[in-house]
Structures are given as structure tokens and as C-alpha cells.
Amino acid sequence: FFDKGKILYVGTIADQPDFDAGSDAEALYNAMKGFGSDKEAILDLITSRSNAQRQKIRAAYKSQYGKDLIDDLKYELTGKFERLIVGLMRTPAYHDAKEIKDAIKGAGTDEKCLIEILASRTNEQIHNLVAAYKDAYGRDLEEDVIGDTSGHFRKMLIVLLQGTREEDDVVSEDLVEQDAQDLYDAGEAQWGTDEAKFIMLLGNRSVTHLQLVFDEYEKIAEKSIEDSIKSELSGDFERLMLAVVQCIRSKPMFFARRLYKSMKGLGTADNTLIRIMVSRSETDMLDIRECFRLRYEKSLYNMIQDDTSGEYKRTLLKLCGGDDDIAGEFFPEAAQIAYKMWETSSMTKVQLRGTVRPYQNFDPASDAKALRKAMKGFGTDEDTIIDIVTHRSNAQRQEIRRIFKSLLGRDLMADLKSELSKNLERLILGLMMSPAEFDAKMMKKAMEGAGTDEHSLIEILVTRSNQEIQEMLNNALSGRWRHLSRLNIDKALSREEGPADMARALEDAQVSELADACNSESDDMEDKFMSILCTRSFPHLRRVFQEFVRCSNKDIEQIIKKEMSGDFKNAMFAIVRSVKNQPSYFADRLYKAMKGLGTDDRALIRIMVSRSEIDLFNIRKEFKETHEASLHEFIQVEMLVVSCVFLLIHTACICACVTLVRSDEKRVV
């Protein structure tokens, strides 16, 4: 997996054995000779040769036919396919130079292209780019960038263009803490931001050094450097600094994000797609594919297949190199990424934070009277109800319920139910219940009526601790709990607690257990998976899944997707996602609840209520990183498309949800 402790990145295109530049030049000439052109032959040949070999073919073509190969390709091909093939025929430095020239020519500037290239290239690549730009266009790249950009964005671009970042083996251990403190003092610790300090440190320190600085920064600031950049900087400068940080952390993950954004939604950002597929095909495409699959639960190959067509699609798929969804296995060189991600997951101590905390000047009697007043007479003061309920912890709400009964002789829950309606009623009543009472209610609702909401059952049973499930059972009056198939209450309550047992984790992952189960009959495999995934503690399972990668070279998530089906597959997959990153699992559940036509209001309410005091802050962070929109914005936008008949009801519901999401930002501590 590792060579002297360093991660090795690998592309999908390598030198062709038995290479003959003259023969390839002749084949390309014949493919373009006469009426029309043999596009299949062109793409097959060019995508199976390394860039160095393509340069030899280009030289041989000129010496044999007296013509420039790129000019002939431009003449014979058209559109996106032409841009892709021609991009492959340029050297990396000249390709980058052409991309930057296109980004800054004309009326507007493609800042995203500038950011992507300059944030991700090594010192040597930057120096080659500057020289290629000068040779191709007779102009100084730095002067052109200065003329086309401004402010701190321009300053950081100029720093990156110098190509003077310290080499990766340069780590000034005595400066790690100082640099982290300097970044904190330059932003979070003062009014305003010292942008020059951010530029100097992020533009010059080595990758290895900055990775240590970012870890130290998080200890000092109690937030990630990315979150600080988002709050302290803005515009193109913010986007550039975030790209630099993301490349410092993991270039393959940075490019996986860029590729996903280029294809998601309506339309395709073909220039971005072409640029990345060309520039990374010999560098780290296998690792990008792996990061893509791990982050978006879909292979890059499949997304390209769904989003493109014709020879353009076939060429991109050749550069991609394979379908990870079919394989279910890691490429040997890429397995290190997954292994490292599981290792990071098992070692990282994530501080879970809710968005609702106990109200400091809490007076349950005053709150009870205010709630009664809000519901008295004609109409209901929903704003007051929302403000009180979402700014009190659950323990404080239970105290309000008791005082409301003893002081006013009324049942607060009954009064709220009579005064509110639809989703606002469900949301406020959910917040007024104890966590165990709420979970029991959600479980009962999931099993009421003709059908069963298996996703709700899975979500609750997978993510609750033994104690939380036991408390839920104590609150449940229904006798239908035993009707759950495969993932039942007994299994949920039998999960071990505590740290990982390394010797046992290796045993669980090796031949006798999970790895062997992959070669078993379906029923036997499910029994073995369930015996481990439903009983071992989450810290232990993180180590198991890490060792599973090492000893089997398989992806546990892909095995589940490929070999299992139905609700059992969904349950096992939910366990793995929760073990890996539970806030990310809930972020994904929230996204699915709101995407497309209509909203799954029950899922939205269930997660917002149950996680508001546990990890909703972390869920917000994961949501923003994955979907490029804050949870707050997503709720607002989603609710705006609700039909006019229910608009007022949903608007009140928005206020409550948004207050939950943002209450920690508004509270004066």
C-alpha cells in the first residue's frame, strides 16, 4: 500500500509496449484519408498511448507526411470530441497553457479554470506552464493574469505562479504550532482578516507541513481551516484558498469533486470534464475514481456514461479506464486511498455538536405562560411558539410540559395539537417529546397502515445506541416490534460497546469471516455479515473495514451493493455509512428527503428533531461539503416550491427548521 510512507498516485494511461511511432503515424494518416474519418481508430490509438509516445507520433507524422498532426485532427474532427483528442495530443504544459489562455481571453474570465490549474500543479509543472505560455503566445503569463484579475485573488495567483512552494519533505516542526496560531490570529481571533498572512503561509509552505498545520489549527480554533476560510474570506479569493486547502489535503478528492460538479444537474461543463480527464489520466486517475466512488456512491465511469454520448463518451471512458461499480474491487494502487480513509476514520476524534443547547436564563413558568398566551384567543402566535421551543433543550422542554400542567392545569401537547396543523404541528410536537418518546412514535408511524416505511426503521435502529433503543422500547406500547425481519430489535440491542480489539478486527476481516463470506452462498453471506455488522461496536467495525480492504482488496460498500438486495442491503449499507461517518449519512438522508419533486416531510422532521442536540452542526458541515449548498439554503429553496395551498403551513415549518439549524449561530454565549 505504501512506499516509504508516501502515497503513490497512479493514472490509467501508461506507455504502450512494442511502441512504433512511424506505424502509429501511418495508422492515423489512413484513418483520416479520403472521405470521412475513422474516429474509432483515432480514439483507440490515441487513448492507448502515453503523452510522451503521442509526441513521438506527432514528430513522425510530420517527418513522414509533411503535415502537422494536430492541424489534421482539427480539420477532420468536430465539437467536444475534437477538443478532447487535440487536448490529448498536446504536452501537459502546453495543454495547461492553452486552457489558461482560453480562460483569460475575451470579455470575461473563467476564474474556476485558473483556480483549478494553479492550485493543483507542482512547482515543476508551474515552471513548465509559464515557459510553454511564453513560447506559444509570446506573452508573459504573470502579466496577463495581473491584467485580468484583481485584489487578494490576484495576489494569491501571482504567489502560486512563482512555483516556490517548499518541497514535501520540508516540515518545520517548530513552526507547525506557530503557523497554526498565526492563521488563527489572522482570521478568527480578530475583527477583520489579515489576508496577507493566509497568502504567505498557504502559498509557500510544503504540503506535508500544511497538513500538520491544519490539524493543529483545528485544535486551536475548534473548527476546520475550511470553515474559517468560508467565514473570513469571500468571492474568488475564498474559492481559490479553499481549492488550495483541498489540494493540500488530497488532490484526487479535489478532482473527484470537480468532476462531479461538472456533470451533476442539467447540462455538462465539458471544458472542465475534458481538462481534468486529459490532465490526470497519467497522474492519479485511479485514485480520483476511488475518491469519486467513496464520496458519491457512484462510479465515475457510470456518471460519464450517463452524461455524455458518441465518440466523445467512448474516449472519456477509455481515459477513465474501468467501471468500479462492476469490479467491486480496488485497483492495487488505489486501495491505499480507501485504507487510509478508514484509518483516518478510526483515528479521528470528531467533536459532535448540536445546534440547540440549554437556554441560560431558563424560567419554565415564564415559558409556560408565554406559550399559553400564544395559543389563547383568536389565532395562534406561531412565531412565539417556534422561538421558545427551538431555543430550549429537550430537558428544558420536558420541564415546561410539567410546569404547564401543574401551573395551568392543561396538557401542553394537547393544546399545541389543537392550535397547530400539518407539518408545523408534527415538528413542534416532535420537539416537545423526549427522544425515546419521539423514536417510539416514529417507529410506530413507520409500521402503521398497509405498508411499512423500512427506511425509517433502518435509520432509527442503525443509528441509536443500545441505551437509546432500550429507552425507546420502554416508551413503546405497541407489540409489533418483533415483526421486523432480519434487522430486529434483539440484534439492535446486542451491539457491543467500547474500543476496537485489533486482533479480533483482523480475524473478523480475514478469511474466516467477511472476506470468506464474499465467496459464500447468498444466505450464508448475509448471516455472516449480520453476525459482525449488527453486533460489533462502531470503533471496532472501522478497524474491521480497514483490514477488509487490506486482506481482500474489496470495497465493503460495493460488495453489499453488488451481492445483496432489498431491505437487507439497505440496512447493511446504512450500518457501513454510519460507521464511516454518521453525520454524512444523515446529510445524505436529508438531501434525499428534499431532492426532486415533493419533500419527504416525515424524514426531514425526524432527522431535524432527533439530531438537533447531538450532531446537527456536523451534519450541516457534511451537507455543505457534499452538495455545495448549505442545509439552511436547501430547506428554504425546497419549501418555496410547495404548492400555494400549503405555503403558509410550510413557511411556519421552515422557520422552525431553520431556527434549529442556525440557533447556535444566533445565540449570544
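The structure displayed is predicted, hence computed values, not measured ones. (Residues numbered from 1 in each chain as written. Predicted model: local features only at pLDDT ≥ 70, side-chain atom pairs only at ≥ 80, totals over all residues. Heavy atoms only, no water.)

> I'd like to hear about the overall build of the chain, residue by residue, with values.
Secondary structure summary: the chain contains 41 helices and zero strands in total. When the 669 residues of the chain are sorted by exposure, 52% land in the buried category. Considering only contacts in the chain between residues 6 or more positions apart, those separated by 24 or more positions represent 74%. Just so you have it, the chain exposes about 30,200 Å², and 48% of that area is on carbon and sulfur atoms. (Helix = DSSP H or I, 4+ residues; strand = E, 2+ residues; numbered from the N terminus. Buried < 20%, exposed > 50% of the residue type's maximum accessible area, 1.4 Å probe, protein only. Contact = heavy atoms within 4.5 Å. Areas by Shrake-Rupley, 256 points an atom, 1.4 Å probe, with all protein chains shown as cover.)

> Hey, could you go over the environment of L73 for me, with residue numbers and the actual values?
Looking at the element boundaries, L73 is found in helix 4 (residues 69-76). The buried category is assigned to L73, whose relative accessible area is 0%. Remark: the alpha-carbon pair of L73 and I85, spanning twelve residues in sequence, is separated by 7.9 Å. Those residues within four positions of L73 in sequence are excluded, and the remaining contacts are M32, I42, I46, E82, I85, V86 and M89.

> Lay out the pattern of salt bridges with the relevant residues and their values.
In the structure shown here, the tally under the stated rule is 41 salt bridges. For R58, the salt bridge goes to D68, with nearest N and O atoms at 3.4 Å. Of the two residues, R58 sits in helix 3 (residues 51-65) while D68 sits in the loop between helix 3 and helix 4, which places them ten residues apart along the sequence. For the salt bridge of D72 with K67, the shortest nitrogen-to-oxygen distance reads 3.3 Å. By relative accessible area, D72 is classed as buried at 13%. Relative accessible area serves as the criterion here: at 36%, K67 is assigned to the partly exposed category. (Salt bridge = Lys/Arg side-chain N within 4 Å of Asp/Glu carboxyl O.)

> Tell me about the nonpolar core, and please be specific about residues and values.
Within the largest apolar cluster, 97 residues are counted, with the highest numbers of intra-cluster contacts made by L73, L202 and M277. Examining the composition of this core, we find that nine residues originate from one element, helix 15 (residues 235-249), more than from any other. Judged by nonpolar contacts, the second largest core, of 45 residues, contains A574, A587, I607 and I635. (Core = buried A, V, L, I, M, F, W, Y, C linked by side-chain atoms within 4.5 Å.)

> Tell me about helix 39 (residues 616-627), and name the residues and values.
Between the first and last C-alpha of helix 39 there are 16 Å, a value that for twelve residues agrees with the 16 Å anticipated at 1.5 Å per step. In terms of residue burial, helix 39 counts as a mostly covered element, since ten of its twelve residues are buried. Taken together, the buried positions of helix 39 are occupied by L616, F617, N618, I619, R620, E622, F623, E625, T626 and H627. (Expected span 1.5 Å × (residues − 1).)

> An account of the environment of D44 is requested, with residue identities and associated values reported.
Mapped onto the elements of the fold, D44 is located in helix 2 (residues 39-46). For D44, a relative accessible area of 29% translates into the label partly exposed. Remark: the alpha-carbon pair of D44 and K318, spanning 274 residues in sequence, is separated by 8.1 Å.

> Just give me the short version of the side chain of S279, but keep the residues and values in it.
Assignment of secondary structure puts S279 in helix 17 (residues 270-280). A relative accessible area of 19% means that S279 is categorised as buried. Among the polar contacts listed, one links the side chain of S279 to the backbone oxygen of R275, at a separation of 2.8 Å. (Polar contact = N/O pair within 3.5 Å; in protein donor to acceptor, adjacent residues only side chain to side chain.)

> Tell me about the packing of aromatic side chains, residues and numbers included.
Applying the stated criterion across every chain yields a total of 13 aromatic pairs. With centroids separated by 6.4 Å and ring planes inclined at 65 degrees, the aromatic side chains of Y184 and Y217 adopt a geometry described as edge-to-face. In this pair, Y184 sits in helix 11 (residues 173-186) while Y217 sits in helix 13 (residues 207-221), placing the two residues 33 residues apart along the sequence. Assessed through its relative accessible area of 0%, Y217 is described here as buried. Taken together through their ring pairs, the aromatic side chains of Y29, Y61 and Y65 make up a single cluster. For K101, the ring lying beneath its charged end belongs to Y137, and the centroid distance is 5.5 Å. In this structure, R353 packs its charged tip against the face of F617, placed 3.8 Å from the ring centre. (Phe/Tyr/Trp six-rings, centres within 6.5 Å; stacked < 30°, edge-to-face > 60°. Lys NZ or Arg CZ within 6 Å of the ring centre and 35° of its normal.)

> Can you lay out the environment of K405 for me, pointing to particular residues and giving the numbers?
Within the secondary structure, K405 is located in helix 25 (residues 394-408). Judged by relative accessible area, K405 falls into the partly exposed class, the value being 49%. Taking the C-alpha atoms as reference points, K405 and A368, separated by 37 residues in sequence, lie 9.0 Å from one another. Among all residues touching K405, those that are not within four sequence positions of it are R410 and D411.

> With reference to specific residues and values, describe a negative patch on the surface.
A contiguous patch of negative charge, built from D381, E382, D383 and D387, is present on the exposed surface. Within the secondary structure, D387 sits in helix 24 (residues 382-390). (Patch = residues over 30% accessible without salt bridge, like charges linked within 9 Å, V, L, I, M, F, W, Y side chains within 5 Å. Lys, Arg positive; Asp, Glu negative; His and termini not counted. Charge placed at Lys NZ, Arg CZ, Asp CG, Glu CD.)

> Please set out the packing of helix 10 (residues 151-161) against helix 15 residue by residue, giving values where relevant.
The geometry of a pair of packed helices is captured by two quantities: the angle between their axes and the separation between those axes. Interhelical geometry of helix 10 versus helix 15 gives an angle of 30 degrees and a closest axis separation of 8 Å. Once helix 10 is placed against helix 15, the crossing between them reads as left-handed. Of the residues in helix 15, those in contact with H152, F153, M156, L157 and L160 of helix 10 are D236, F237, L240, M241 and V244. When grouped by side-chain class, the residues that make up the contact of helix 10 with helix 15 number eight nonpolar, one polar and one charged. (Axes fitted to C-alpha atoms, helices over the stretch in contact; angles between N-to-C directions. Left-handed = near helix turned anticlockwise from the far one by under 90°. Nonpolar A, V, L, I, M, F, W, Y, C, P; charged D, E, K, R; others polar.)

> Let's hear about a positive patch on the surface: which residues, and what values?
On the surface, K417, K422, R426, K441 and R602 cluster together to form a positively charged patch. Summarising the element assignment, R602 is placed in helix 38 (residues 601-611).

> Describe helix 38, naming the residues involved and giving the relevant values.
With respect to burial, helix 38 is a largely interior element, ten of its eleven residues being buried. Buried within helix 38 are the following residues: D601, A603, L604, I605, R606, I607, M608, V609, S610 and R611.

> Which residues make up the confidence of the model for the chain, and what are the values?
Put simply, the chain has an average pLDDT of 86, and 86% of its residues get 70 or more. Contacts of residues 1-7 to residues separated by more than four positions or lying in other chains number twelve contacts, the stretch itself having pLDDT below 50. Note that residues 478-488 has pLDDT below 50 and, in this model, 24 contacts with residues that lie over four places away or in other chains. (pLDDT = per-residue confidence, 0-100.)

> So what about unusual backbone geometry? Which residues, and what values?
Phi is positive for D18, which is not a glycine, with a value near 55 degrees. Tracing the backbone through its elements, the reader meets D18 in the segment before helix 1 (21-32). One non-glycine residue, E222, adopts positive backbone phi at about 60 degrees. Within the secondary structure, E222 is located in the loop between helix 13 and helix 14 (225-232).

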